[in-house]
Amino acid sequence: MSSNEAAAGGDLLAYRAPVADILDALDVTGLDEVLALPAFAHVDRTAVADVVGEFGRFAGDVVAPTDRPGDLDGARLDPATGTVHAPAAFGPAYRQFVAAGWEAVSAPTAHGGGGFPAGVGMALQEMLASANLSLSLNPVLTQSAIELLSTWGTPDQQARFLPRLVVGEWTGTMNLTEPDAGSDLGEVRTRAEQGPDGRWRVTGTKIFITWGDHDLADNVVHLVLARTPGAPPGTKGLSLFLVPKVLVGPDGALGARNAVRCVGLEHKLGIHGSPTCVMSYDGADAELVGEQHGGITAMFVMMNAARLAIGMEGPAVAERAFQHAYRYAAGRLQGRAPGVSPPARSPIVDHPDVRRLLLSMRTTTLAGRMLVYLATHHRDLARHHPDPAARAAAQGLVDLLTPVAKAWPTDAGIAAASAGLQVLGGAGYIEEAGMAQRLRDSRITAVYEGTNGIQAIDLVTRKLPGGGGRTVRDLIGAVARTAAEPPPANGSLDATHDCLAEAAAVLDDVTGRLPARSPRDVLAGASAYLELFGLTVAGWLMLRRARQAAAGAGWAATADAGRQADAVAGGVDPVVAALESEFFATEHTARAVGLARPVLAGARRLDALSSRPA
């Protein structure tokens, strides 16, 4: 394809779901262990392959074509009515999404869901985010609302709200942020007061509310943090309230419009099709969810579910960017690669530095995907394993991995989108080529649901001490044992084993030193520590993937002549998997060793700003 065609878009903007890669990632990270749980006795590998394969086709054929029009049209607010209109292209695709039951695949069967493992639901979220990141945020928040109400809602609330949320007829939102209360939720000022009739009423303003209002569904169910009269200060005084856009009767029927409306839309760098709303609550009817003053505890169920889903957006955007950049590089003739004589010209994919960029995009996508799936599988183990000790151990690993799985893949996704623009060169910087949208859209992923810096703080201050430090020691031990296993005799994974062993040793050493350091010194190195942690675990997963492929295990080994074989056609080539693992090890995992210095350098180096005037 020519550069002119690239500038015009054409097939370069198409998205083809990487079904074989996704199924392989589910396998490497423990799908079989999850499917063995009694809670998933109704699900087998063929069913998983069917669902992933079919949704991949839906995402590519139905959703992906709406991505560019949504970016160009954007969401619009009608100031007269307070109604938000989604981009025109979104409506038909979302209605097909709901009609096909895709929202319900991994939702609880008790409320009309399919009861599939959370990892399968995450795979669907990934493909939806690749196809259209803006539109995908709507189901992400709805899934998180389902999670919260399934855990903390009363039986009455679950009966009235969950069936409609599960199928996507209604959608959910998370209302935390206020003009003076961003990451510090202790400053929330929205108030909730209980009237003589026993009803709660919420008043206040919330900002940055993703899909806070829209015309794709009949109702929007807001989950709102607010402060009740006489509540203690800080986060301990927050309660959680359910505030529907349209009131819901005892039988689940819709009633009058509630006193909540969107009063503004943010003008953003990217995700233009996703309405980011300023929401005004003016004595809106509300229902308490969970215990009074227990809002933060309840809301963390929603937040942690959303953080993993946001982490998945990193590889989702990177996958779309990689496909675009690879097609462009394969068709763009420019210069001559080594060994090519004039007058012949080479496609730029044959130039070594372009290959380096593309392989970096490709391998960080693979690694980030597996990191999120690993955490997601352990959520199912933590909920459904029959052994309480196994549940506790799995939950410890989920807690430890969540900040890493949110931050490392999204940072890698932003880097991949930037690399994709670099592959296209000048054409990439032109909006019409479409790659600029990948970079614009990806940038928010490191910011919302807790900035990546906050994830690093959470990791070093709260998650590392979990289980008395045993959880992190056990994980590092597992990484070290894999690195110490004999590599294949053909030497194809020697560098991977060496780099991983070095990274695991450094991570172990640095982790052991942190408890003796001052809080300020630990925080100064927190982001570097998270990167060290992420690179090490990602390298471990890449090695596990390569070894599984070399052993002939995985989906290709079990595919029959039917539907499952279609889903894994092409499979994972063991030679390619080894090369990808070696590339990731030498280009990425090897950098882990150098991160020990900024982790341990202390806070003194930050004092250069202390005397600088603002």
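It should be noted that the structure appears before, not after, this text.
First, a word on scope: everything that follows refers to the structure included in this document. Keep in mind that what you see is a predicted model, and the values were worked out from it rather than measured.

A short note on empty space enclosed by the protein
Inspection of every chain in the model, using the stated rule, returns 4 cavities of 30 Å³ or more. Reported here for the largest cavity is a volume of approximately 110 Å³. Forming the walls of the largest cavity are 14 residues, and the residues nearest its centre are Trp-102, Gly-121, Leu-124, Gln-125 and Gln-143. Of all the secondary structure elements, the ones that give two or more residues to the lining of the largest cavity are helix 7 (118-131) and helix 8 (133-152). Split into classes, the residues belonging to the lining of the largest cavity amount to 8 nonpolar, 5 polar and 1 charged.

So, the state of the cysteines
According to the stated counting rule, one finds 0 disulfides in the structure shown. Summary of cysteine pairing: Cys-277 is not part of a disulfide, and the nearest cysteine sulfur, belonging to Cys-262, is at 3.8 Å. Judged by relative accessible area, which is 0%, Cys-277 ranks as buried.

Looking at the nonpolar core
Soluble globular proteins tend to bury their nonpolar side chains together. Core analysis: the largest hydrophobic core is formed by 107 residues, its most contacted members being Val-48, Val-52, Trp-408, Tyr-529 and Phe-533. Top element by residues in this core is helix 18 (residues 526-550). It accounts for 14 residues. Residues contacting Val-48, with those up to four places away along its chain left out, are Leu-23, Leu-26, Leu-31, Leu-35, Val-43, Phe-116, Val-120 and Trp-555. Residues Val-140, Ala-181, Val-188 and Ala-306 belong to the second largest nonpolar core, which totals 33 residues.

Observations concerning the packing of helix 14 (residues 452-463) against helix 18
At their nearest, the axes of helix 14 and helix 18 sit 8 Å apart, and the two run at 80° to each other. Comparing their axes, helix 18 and helix 14 come out roughly perpendicular. Seen from helix 14, the contacting residues are Gly-453, Gln-455, Ala-456, Ile-457, Leu-459 and Val-460; seen from helix 18, they are Ala-526, Ser-527, Tyr-529, Leu-530 and Phe-533.

Quick word on the side chain of Thr-210
By the element assignment, Thr-210 lies in strand 5 (residues 200-210). Here Thr-210 is in contact with Leu-137, Leu-141, Thr-173, Ser-274 and Pro-275, once residues within four sequence places are set aside.

Remarks on the pattern of salt bridges
Summed over all chains, the structure comprises 36 salt bridges. Of the charged contacts, one joins Asp-11 and Arg-16 as a salt bridge, the two residues approaching to 3.3 Å between their closest N and O atoms. Exposure remark for Asp-11: the relative accessible area of 37% places this residue in the partly exposed category. On the basis of relative accessibility, which here comes to 47%, the residue Arg-16 falls in the partly exposed class. The closest approach of N and O atoms between Asp-285 and Arg-199, which form a salt bridge, is 3.5 Å. Here Asp-285 is found in strand 11 (residues 276-289), whereas its partner Arg-199 is found in the loop between strand 4 (191-194) and strand 5, with 86 residues between them in sequence. On the basis of relative accessible area, Asp-285 is assigned to the buried category, the value being 17%.

What about the pairing of strand 3 (residues 170-175)?
Most of strand 3 is tucked away, with 6 of its 6 residues classed as buried. The side-chain alternation of strand 3 yields two buried faces, one formed by Trp-170, Gly-172 and Met-174 and the other by Thr-171, Thr-173 and Asn-175. Relative to strand 6 (residues 219-227), strand 3 runs parallel, the two sharing 6 bridges. Within the sheet, the bridge partner assigned to Asn-175 lies in strand 6 and is Val-224.

Describing the layout of surface pockets
Empty space within the second largest pocket amounts to approximately 550 Å³. Of all the secondary structure elements, the ones that give two or more residues to the lining of the second largest pocket are helix 7, helix 8, helix 10 (295-331) and helix 11 (352-384). Element by element, the count of residues in the lining of the second largest pocket is highest for helix 8, at 7 residues. For the lining of the second largest pocket, the residue count by class is 12 nonpolar, 11 polar and 4 charged.

Calculation rules
Residues numbered from 1 in each chain as written. Predicted model: local features only at pLDDT ≥ 70, side-chain atom pairs only at ≥ 80, totals over all residues. Heavy atoms only, no water. 1 Å grid on protein atoms, 1.4 Å probe; cavity = no way out; pocket = protein on both sides within 12 Å on 5 of 7 lines; lining within 4 Å. Points joined across faces, edges and corners; volume = space filled by probe spheres on them. Helix = DSSP H or I, 4+ residues; strand = E, 2+ residues; numbered from the N terminus. Nonpolar A, V, L, I, M, F, W, Y, C, P; charged D, E, K, R; others polar. Disulfide = S-S within 2.5 Å. Buried < 20%, exposed > 50% of the residue type's maximum accessible area, 1.4 Å probe, protein only. Core = buried A, V, L, I, M, F, W, Y, C linked by side-chain atoms within 4.5 Å. Contact = heavy atoms within 4.5 Å. Axes fitted to C-alpha atoms, helices over the stretch in contact; angles between N-to-C directions. Parallel < 35°, antiparallel > 145°, perpendicular 65-115°, else oblique. Salt bridge = Lys/Arg side-chain N within 4 Å of Asp/Glu carboxyl O. Pairing = 2+ DSSP bridges.

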